[in-house]
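# Structural overview for review
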There are 2 protein chains.
Amino acid sequence: MGGGAAYIAVDWGTTNRRVFAMASDGTVIESLQDARGVLSLTQDAYPAEISALRSRFGAEDVIAVGMVGSSRGWLEAPYVDVPATLERLTDACRVAAPGVRIVPGVALRNGRRPDVMRGEEIQVLGAIHAGAAPATALFCQPGTHNKWVETVDGAITTFTTVMTGELFALLRGHGIMAGMLDGAVSDGAPFRRGLRRGIASSNIAATLFEVRAGLLLDRLAPSEAAAYASGVLIGADVATQEDLKRRPVHLLGGGSLSALYAVAITELGGTPVIVPDGATTAGIHAIWSLSA
Amino acid sequence: MGGGAAYIAVDWGTTNRRVFAMASDGTVIESLQDARGVLSLTQDAYPAEISALRSRFGAEDVIAVGMVGSSRGWLEAPYVDVPATLERLTDACRVAAPGVRIVPGVALRNGRRPDVMRGEEIQVLGAIHAGAAPATALFCQPGTHNKWVETVDGAITTFTTVMTGELFALLRGHGIMAGMLDGAVSDGAPFRRGLRRGIASSNIAATLFEVRAGLLLDRLAPSEAAAYASGVLIGADVATQEDLKRRPVHLLGGGSLSALYAVAITELGGTPVIVPDGATTAGIHAIWSLSA
């Protein structure tokens, strides 16, 4: 890496941004993470952002993924349809400025139901490209909007978004249970009880009210409510997947939330596999290499 | 009714209050509705509120139902367990001040799952008492927290709360779909498409994201999104009831929301019956008569 960074990779999300100075062999030389997500930037702010990154990391080429390519971002990069491969994403990159490419997201445009992703696709395909997951696999990407992604021979063929994290945040921050869900969310008896209720639930809009009723009737302690509610939501989320016993679930994202999903997957008879960090930069590096 | 009001009935909710000057035969002489719900009042504000109502309506006795009897209200009136009849509610009233009684709510305290209601019980039992619904029936009370209530021989035996209205309000007001759900919600093709998706949905946290994806992929028009999302939520709510074809559903509350539930119940093969207004005052009057 004597020559310094070959290019700059940016995972540019809604509220956060992660930037990586990349060597030509795909090694991450240096990285930063900050709150300069697309919601904090106007369209005309991007050129200055790019200049600052170029000065800091000493490279010209930039490849960006995520919400930066949405209608709220810098330049809209239209979704690629499934089946989506790294090659198709590479071909569909849009040039936002000289030397700056934006990788598109993936859509289920013509299926029974619509769905979209921006940023998650590069993590899934990067994990496969790096050999950290098989080319035909089921992935789970816990977060505000959890994605369940299926791949066949290195192509994303279908996926489902579940608003589990967003619903938890809405319930915790607003509405009748605001103030009741501020406790810690971690694995333990309350989380597992919630998990079983969520797995058995036909409608979380009904099951979630049991949190409030349980508190009022002293069947749930205030300190347990957040973990129980999280269990209900994660249990119902994981229960949407019908073939959990057929093959492992490759969990992307790491952290405590993925650990809770691993518990839920195990509870349903599945086998969680935590994919090591680095999938996103592996995916971006594959795009850089394919277009070099 | 030459003698004026015999007593004052108050349906004292979280954000609103309805007050009725009642004749001794159960006729409503005069009523008012305002925003002086329990969240707008401190505990020590209630005596002055009662004085004002007595002066205005010329009666001393007051019977109040709803959240006024909760821990956030004036005086906590502990829940009555199921099976709950008007007689048991009458016996369990609490005296908040001379001449002022608060009717308790109903709880599922010891069942498989906990649930609670405050105010809805009087509407259900009042409808039966008034002869507007059979003594053994299934009721639906659309609102922020929809209640499905089953009665047997004039007693509430079980019920389920579904947070349908609250989830719609949270999604519309906050989170990623805020600003996308401000359109009109009425019966029509978008509502019915949403209804069918909600009925078939195993997890509304996944199905609701189709609203956003549908908008991004031009499969849903911006003007249709609110009705579609409402259809998803109401469809999933009504689909929690497994025996809709076995007996009619008695809809309480009237208004446009009940009309949407009637469409959903019909879609699932059930028979909606709209119960006329007046059930709440009929229930309060039964309590007044029983304790006279």
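An unreviewed UniProt entry annotates chain A as 2-keto-3-deoxygalactonate kinase originating from Methylobacterium phyllostachyos.

From N to C terminus, chain A includes ten helices and 14 strands. For 292 residues, the compact-globule formula gives about 19 Å, and the C-alpha radius of gyration of chain A, at 20 Å, lands near that figure. Taken along the three principal axes of its C-alpha coordinates, chain A extends 65 × 40 × 40 Å. Counting only residues that meet the buried cut, chain A has 57% of its 292 residues in that class. Expressed as a percentage of contacts within chain A between residues at least 6 apart in sequence, the contacts between residues at least 24 apart total 62%. On chain A, roughly 11,300 Å² of surface is accessible, and the fraction owed to carbon and sulfur atoms is 50%. In chain A, the 24 positive side-chain charges and the 28 negative ones have mean positions that sit 5 Å from each other.

On to the environment of Ala264 of chain B, then. Residue and element names in this part refer to chain B. You can see Ala264 is positioned in helix H9 (residues 255–267). Remark: the alpha-carbon pair of Ala264 and Gly105, spanning 159 residues in sequence, is separated by 28 Å. Not counting residues within four places of it along the chain, the set of residues in contact with Ala264 comprises Leu195, Ile234 and Val238.

Of the transformation superimposing chain B on chain A, the axial component is 0.0 Å and the angular component is 180°, with the fit at an RMSD of 0.0 Å. Taken together, the turn and the small shift mark the pair as related by a two-fold rotation axis. By residue overlap, the copies meet face to face through one surface: 100% of the interface positions of chain B are interface positions in chain A.

This part takes up the sheet that holds strand E13 (residues 249–251) of chain A. All names here are of chain A. What the five strands build is an open sheet, ordered E12-E11-E10-E13-E14; its pairing is mixed. Taken across any chain shown, the strands that pair with only one partner, and hence form the sheet edges, are strand E12 (155–162) and strand E14 (272–274). Each adjacent strand pair in this sheet contributes to an overall mean axis angle of 25°, direction not counted. As judged from the seven bridges shared by strand E11 (residues 146–152) and E12, these two strands associate in the antiparallel manner.

Residue and element names in this part refer to chain A. For the structure shown, the criterion picks out six aromatic pairs over all chains. Each ring, one from Tyr7 and one from Trp288, has its centre 4.6 Å from the other, and the planes form 10°; the classification is stacked. On the criterion of sequence distance, the pair formed by Tyr7 in strand E1 (residues 7–12) and Trp288 in helix H10 (residues 279–290) is long-range, its members being 281 residues apart. Judged by relative accessible area, which is 15%, Trp288 ranks as buried. Feature note: the residues Trp12, Tyr46 and Trp74 constitute an aromatic cluster, connected by ring pairs. The residue whose ring lies beneath Arg118 is Tyr79, and the NZ or CZ to ring-centre distance is 4.3 Å.

Quick look at the layout of surface pockets now. Once rolled over the atoms, a probe with the size of a water molecule shows which space is left empty. Volume-wise, the second largest pocket comes out at about 1,400 Å³. If you go around the second largest pocket, you meet 46 residues; those closest to its centre are Asp11, Gly13, Thr14, Glu120 and Thr144 of chain A. For the lining of the second largest pocket, the secondary-structure elements that each account for two or more residues are strand E2 (17–22), strand E3 (28–34), strand E9 (115–117), helix H3 (120–129), helix H4 (164–173) and H10 of chain A together with helix H7 (209–216) of chain B. A per-class count over the lining of the second largest pocket returns 16 nonpolar, 20 polar and ten charged.

The subject of this paragraph is the sheet that holds E3 of chain A. Residues and elements named next belong to chain A. The strand order across the open sheet built from six strands is E3-E2-E1-E4-E7-E6, with neighbouring strands paired in mixed fashion. Each of the sheet's edge strands pairs with one partner strand only, and the pair in question is E3 and strand E6 (94–97). Across the sheet, the mean angle from the axis of one strand to that of its neighbour is 20°, orientation sign disregarded. Alignment of E2 against E3, held across six bridges, turns out to be antiparallel. Paired with Val19 across the two strands is Leu32, which belongs to E3. The sheet contacts of helix H1 (residues 46–57) involve E1, E2, E3, strand E4 (62–65) and strand E7 (100–102), and relative to E1 the element is tilted by about 135°.

A few words now on the interface of chain B and chain A. Between chain B and chain A, the residue contacts involve 47 residues of the former and 47 residues of the latter. Across the interface of chain B and chain A, roughly 3,900 Å² is buried in total on both sides, 66% from carbon and sulfur atoms. Together, Phe209, Leu217 and Arg219 of chain B form the three largest contributors to the area buried by chain B at its contact with chain A, with a combined 16%. The interface formed by chain B and chain A includes twelve residue pairs in polar contact (both at pLDDT 80 or more). The leading source of residues in the side of chain B that touches chain A is H7 of chain B, at six residues. Of the residues contributing to the side of chain B that touches chain A, the split by class is 23 nonpolar, twelve polar and twelve charged.

Turning to the domain arrangement of chain A, a few remarks are in order. According to the domain assignment, chain A contains domain 1 (7–117) and domain 2 (162–274). Computed over C-alpha atoms only, the centres of domain 1 of chain A and domain 2 of chain A are separated by 31 Å.

Further remarks concern the pairing of E12 of chain A. Here E12 of chain A lies mainly inside the structure; six of its eight residues are buried. Counting the residues that bridge the hairpin from E11 of chain A to E12 of chain A gives two residues, and of these Asp153 of chain A lies at a positive phi of roughly 50°.

Below, the discussion takes up the confidence of the model for chain A. Here chain A averages 95 in pLDDT, and 99% of its residues register 70 or above. In the predicted assembly, ipTM is 0.92 and pTM is 0.93.

Before going further, it helps to examine the pattern of salt bridges. Pairs can form between side chains of opposite charge whenever their charged atoms are close. Residues and elements named next belong to chain A. Per the counting criterion, the structure on display carries 28 salt bridges over all chains. Between Arg113 and Asp115 there is a salt bridge, and its shortest N-O distance comes to 3.3 Å. Take Asp115: its relative accessible area is 2%, and that puts it in the buried class. The network of salt bridges with common partners includes Arg17, Asp34, Arg36 and Glu49.

Turning our eyes to something else, we now look at helix H7 (residues 209–216) of chain A. Along H7 of chain A, seven of the eight residues are buried, which leaves the element largely enclosed by surrounding structure. Buried residues of H7 of chain A: Phe209, Glu210, Val211, Arg212, Ala213, Gly214 and Leu215 of chain A, and no others. Along its buried surface, H7 of chain A packs onto helix H5 (189–200), helix H6 (204–207) and helix H8 (225–238) of chain A together with strand E9 (115–117), strand E11 (146–152) and strand E12 (155–162) of chain B.

This part takes up the environment of Ser31 of chain A. Residue and element names in this part refer to chain A. Structurally, Ser31 is set in strand E3. Ser31 sits in the partly exposed class, given a relative accessible area of 43%. Sequence separation between Ser31 and Val68 is 37 residues; the distance between their C-alpha atoms is 18 Å. Residues in contact with Ser31, not counting those within four places in the same chain, are Val19 and Phe20.

Basis of the calculations
- Sequence order as written defines the numbering, with residues in each chain counted from 1.
- Both sets of labels track the order of writing: A upward for chains, 1 upward for ligands.
- A pLDDT threshold of at least 70 governs which residues receive local features in this predicted model, and a stricter bar of 80 or more applies before side-chain atom pairs are shown or counted, although totals over entire chains, interfaces and linings include all residues.
- Side-chain metrics rest on all non-hydrogen atoms present in the structure, leaving aside hydrogens and water.
- Think of it this way: any DSSP run of H or I at least four residues long counts as a helix, any run of E at least two long counts as a strand, and we number them from the N terminus.
- Radius of gyration here is computed from C-alpha atoms only, and the compact-globule reference equals 2.2 Å multiplied by the residue count raised to the power 0.38.
- Relative accessibility under 20% of the residue-type maximum defines a buried residue, over 50% an exposed one, and the middle range a partly exposed one, all with a 1.4 Å probe and only protein chains included.
- We call two residues in contact whenever any of their non-hydrogen atoms come within 4.5 Å of each other.
- Throughout, the Shrake-Rupley method with a 1.4 Å probe supplies accessible areas, and for residues the shown protein chains are the sole cover considered.
- Only four residue types enter the tally: Lys and Arg on the positive side, Asp and Glu on the negative side, with His and both chain ends excluded.
- Each charge is placed at NZ for Lys, CZ for Arg, CG for Asp and CD for Glu.
- Fitting of the copies onto one another was done by least squares over C-alpha atoms, counting residues only where both copies have pLDDT of at least 70.
- Pairs of strands are assigned from DSSP output, requiring at least two bridges between the strands.
- Axis definition: a line fit to C-alpha positions, over the contact stretch in the case of helices; interaxial angles, taken between N-to-C directions, run 0 to 180 degrees.
- Here the aromatic set is Phe, Tyr and Trp, taking the six-membered ring for Trp, and pairing holds for ring centres within 6.5 Å; pairs whose planes are under 30 degrees apart are stacked, those over 60 apart are edge-to-face, and all others are tilted.
- Whether a charge sits over a ring comes down to the Lys NZ or Arg CZ being within 6 Å of the ring centre and within 35 degrees of the ring normal.
- In this analysis the probe radius is 1.4 Å and the grid spacing 1 Å, with only protein atoms considered; a cavity is a set of points the probe fits into but cannot get out of, a pocket is an open set with protein on both sides within 12 Å along at least five of seven lines, and lining residues have an atom within 4 Å of a point.
- Grid points are joined across faces, edges and corners, and a volume is the space filled by probe spheres set on the points.
- Each residue is assigned to one of three groups, with Ala, Val, Leu, Ile, Met, Phe, Trp, Tyr, Cys and Pro labelled nonpolar, Asp, Glu, Lys and Arg labelled charged, and all others, Gly among them, labelled polar.
- Reported buried area values correspond to the accessible surface (1.4 Å probe) lost by two parts on association, with both partners' losses combined.
- Whenever a nitrogen or oxygen atom comes within 3.5 Å of another N or O atom, the pair is scored as a polar contact, on the condition that within protein one atom can donate a hydrogen and the other can accept it, and that pairs from neighbouring residues in sequence are kept only if both atoms are in side chains.
- Where each domain begins and ends follows an automated or database-derived domain assignment.
- Confidence of the prediction at every residue is given by pLDDT, a number between 0 and 100.
- Every case where a carboxyl oxygen of Asp or Glu lies within 4 Å of a side-chain nitrogen of Lys or Arg is listed as a salt bridge.

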